[in-house]
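Spelled out, the chains give:
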Amino acid sequence: MSTFLLVHGAWHSGRCWERVVPLLESAGHRVCAPSLTGYGDRAHLLGPEVGLDTHVADVVGLIREQDLTDVVLVGHSYAGLVISSVANQVPDRIAELVYLDAMVPRDGETAVDVQPVTQQLIDLAAQTDSAWRIPPLPEQPAPLGLFGVTDPADVAWLRSMLSDQPVRCLQQPVRLDNPAADAIPRTHIHCVGGQPEGITRRPVPPIQPNGTPAQVWELPTGHDCMITMPVELTDLLLKLAPEPATP
């Protein structure tokens, strides 16, 4: 049995994984899909002091409190920064890092460094009475939709779980100074169903930090693939976990 720890991205909550969790569990694996501070059942904790470091502490705390080991750590979008920093702190507990259409930072970088268009959102927030918070992105015409979700029922469901994003999350830098984290295998899953204007994806280096060839998979869908293609996403994730032993 493997442990999958699924970390949602900006504006979302742990509920976004609801279509993936039962599929992984039915394959015999343990799954954790928490909401980070400021989202979902923790939305009441949203405030200007919430930042990247807060979310890293959320995940590291969960791993330690539940004594999780051999974790397949999946980070969607902004959470690419979160999982990178988590691996830097507890590399001995992580079996695999999965960057799911995610930001992939270098040491000392912020979300703005990885995705410069993010600065435009910060600048817009600065013109409001709540300069510390960024509302969810608006829905766009298909095929972009709301974070790549276009089905009306799915859009309504997704909208029900979204919260504002604290600016501090996008301005705090990652710290990737633990050489032990370089040994962790990495997989990149790219959603290739269309990118909003201004969004660019860094090329994945052909060789991973551990010296093995890069592993890059693609899903022909929009950004929130856990909503639009949960079966296909689960199939990819299961390739990273050994088959559970037969009782």
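Our structure is the block above this text.
Please read all numbers here as calculations on a predicted model, not as lab measurements. (Residues numbered from 1 in each chain as written. Predicted model: local features only at pLDDT ≥ 70, side-chain atom pairs only at ≥ 80, totals over all residues. Heavy atoms only, no water.)

Q: Please set out the packing of helix H2 (residues 52–65) against helix H3 (residues 79–89) residue by residue, giving values where relevant.
A: Taken N-terminus to C-terminus, the directions of H2 and H3 make an angle of 55°; their axes are 9 Å apart at the nearest point. Taken together, H2 and H3 sit at an angle that is classed as oblique. In the crossing of H2 with H3, the sense of the turn from one axis to the other is right-handed. In this structure, H2 uses Leu52, His55, Val56, Val59, Val60, Ile63 and Arg64 to contact H3, whose residues at the interface are Leu81, Val82, Ser85, Val86 and Gln89. (Axes fitted to C-alpha atoms, helices over the stretch in contact; angles between N-to-C directions. Helix = DSSP H or I, 4+ residues; strand = E, 2+ residues; numbered from the N terminus. Parallel < 35°, antiparallel > 145°, perpendicular 65-115°, else oblique. Left-handed = near helix turned anticlockwise from the far one by under 90°. Contact = heavy atoms within 4.5 Å.)

Q: An account of the pairing of strand S1 (residues 3–7) is requested, with residue identities and associated values reported.
A: When you tally the buried positions in S1, you get five out of five residues, the bulk of the element. Where S1 meets strand S2 (residues 30–32), three bridges bridge the pair, whose relative direction is parallel. Bridging from a neighbouring strand, phenylalanine 4 pairs with valine 31 of S2. Taking the sense of rotation as the criterion, the β-α-β connection linking S1, helix H1 (residues 21–26) and S2 turns out right-handed. The pairing of S1 with strand S3 (residues 71–76) spans five bridges and is parallel. Bridging across to S3, threonine 3 finds its partner in valine 71. (Buried < 20%, exposed > 50% of the residue type's maximum accessible area, 1.4 Å probe, protein only. Pairing = 2+ DSSP bridges. Right-handed = clockwise from strand over helix to strand, strands pointing away.)

Q: Now, about the pairing of strand S4 (residues 94–100): what can you tell me, with residues and values included?
A: Across the seven residues that make up S4, a large majority, six, are buried. The sheet contact formed by S3 and S4 spans six bridges and is parallel. Each residue of the ladder has a partner; that of leucine 73, found in S4, is leucine 97.

Q: Go over the packing of aromatic side chains with me, naming the residues and quoting the values.
A: For the coordinates displayed, the defined rule picks out one aromatic pair. Geometrically, the ring pair formed by tryptophan 11 and phenylalanine 147 is tilted, given 5.7 Å between the ring centres and 40° between the ring planes. Placement of the pair is tryptophan 11 in the loop between S1 and H1 and phenylalanine 147 in the loop between strand S5 (133–134) and helix H6 (152–159), with a sequence separation of 136 residues. Directly above the aromatic system of tryptophan 217 lies the positively charged group of lysine 239, at a separation of 5.4 Å from the ring centroid. (Phe/Tyr/Trp six-rings, centres within 6.5 Å; stacked < 30°, edge-to-face > 60°. Lys NZ or Arg CZ within 6 Å of the ring centre and 35° of its normal.)

Q: Can you tell me about the nonpolar core, naming the residues and giving the values?
A: With 74 residues, the main nonpolar core has Leu73 and Leu233 as its most contacted residues. Apart from residues no more than four positions distant in its own chain, leucine 73 is found in contact with Leu5, Val7, Val59, Ile83, Val86, Ile94, Glu96, Leu97 and Val98. (Core = buried A, V, L, I, M, F, W, Y, C linked by side-chain atoms within 4.5 Å.)

Q: Before we move on, can you summarise the pattern of salt bridges with the specific residues and values?
A: Within this structure, the stated rule accounts for nine salt bridges. One salt bridge connects aspartate 101 with arginine 201, and the closest N-O pair in it is separated by 2.5 Å. Highlighted residues: aspartate 101 in the loop between S4 and helix H4 (111–114) and arginine 201 in the loop between strand S7 (186–191) and strand S8 (215–219), separated in sequence by 100 residues. With relative accessibility at 32%, the residue arginine 201 sits in the partly exposed group. When the shortest N-O distance is used, the salt bridge between glutamate 109 and arginine 202 registers 2.8 Å. Pair noted here: glutamate 109 is in the loop between S4 and H4 and arginine 202 is in the loop between S7 and S8, with a separation of 93 residues, a long-range link. (Salt bridge = Lys/Arg side-chain N within 4 Å of Asp/Glu carboxyl O.)

Q: An account of the side chain of glutamine 165 is requested, with residue identities and associated values reported.
A: With respect to the helices and strands, glutamine 165 occurs in strand S6 (residues 165–166). On the basis of relative accessibility, which here comes to 0%, the residue glutamine 165 falls in the buried class. Residues in contact with glutamine 165, not counting those within four places in the same chain, are Ala10, Trp11, Tyr39, Tyr78, Trp132, Arg133, Ile134 and Leu170.

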